[in-house]
Amino acid sequence: MKDSVTQAEFAAVVADVLDGSIEVESYTVNGSSVWIKMVSRLYGEKAVTYLDFDDGGKITGRYAYAQTHAGSTFPRKIGDRIAECVKHVCFHRSDLS
């Protein structure tokens, strides 16, 4: 089992999670971080979320986040989903380590 994913694997995980989400207007992956512009389906409000997956120079699934719209649970749900998928790639790609 690998303990981290490459930046290319991370970008693919982020695309798998975010592409097609109705709340996500756009996103940018830069190394181990993700900027996400979201639109609330309920209120139409826009918000920006920053997810930082840098874990001591590796992308392991651990992350920190910041958001412009306090109280929203969506950024944490997105971060948790990306983290879950990163850990899945680490577990199932042991042949690449």
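What comes next is a walk through the structure. (Residues numbered from 1 in each chain as written. Predicted model: local features only at pLDDT ≥ 70, side-chain atom pairs only at ≥ 80, totals over all residues. Heavy atoms only, no water.)

**Details of the nonpolar core**
One recurring pattern in soluble globular proteins is that nonpolar side chains are buried together.
Inference 1: Ranked by internal contacts, the top residues of the largest apolar core, which has 22 residues, are Phe 10, Leu 18, Ile 36, Leu 51, Phe 53, Ile 82 and Val 86.
Inference 2: Broken down by secondary-structure element, the contributors of at least two residues to this core are helix H1 (7–18), strand S2 (33–39), strand S3 (46–55), strand S4 (58–67) and helix H2 (74–92).
Inference 3: Sorting elements by how many residues they give to this core places H2 first, with 8 residues.
Inference 4: Those residues within four positions of Leu 18 in sequence are excluded, and the remaining contacts are Val 24, Tyr 27, Val 34, Ile 36 and Ile 78. (Core = buried A, V, L, I, M, F, W, Y, C linked by side-chain atoms within 4.5 Å. Buried < 20%, exposed > 50% of the residue type's maximum accessible area, 1.4 Å probe, protein only. Helix = DSSP H or I, 4+ residues; strand = E, 2+ residues; numbered from the N terminus. Contact = heavy atoms within 4.5 Å.)

**Concerning H2**
Inference 1: Relative to the 27 Å expected for 19 residues at 1.5 Å per residue, H2 spans 27 Å between its end C-alpha atoms, a close match to the ideal helical length.
Inference 2: Looking only at H2, the buried set comprises Phe 74, Pro 75, Ile 78, Gly 79, Ile 82, Ala 83, Cys 85, Val 86, Val 89 and Cys 90.
Inference 3: Along its buried surface, H2 packs onto H1, strand S1 (24–30), S2, S3 and S4. (Expected span 1.5 Å × (residues − 1).)

**With respect to the pairing of S1**
Inference 1: Pairing between S1 and S2: 6 bridges, direction antiparallel. In the sheet register, Ser 26 faces S2, and the bridge partner there is Lys 37.
Inference 2: Where S1 hands over to S2, the hairpin turn is made up of 2 residues, of which Gly 31 adopts a positive phi near 65°. (Pairing = 2+ DSSP bridges.)

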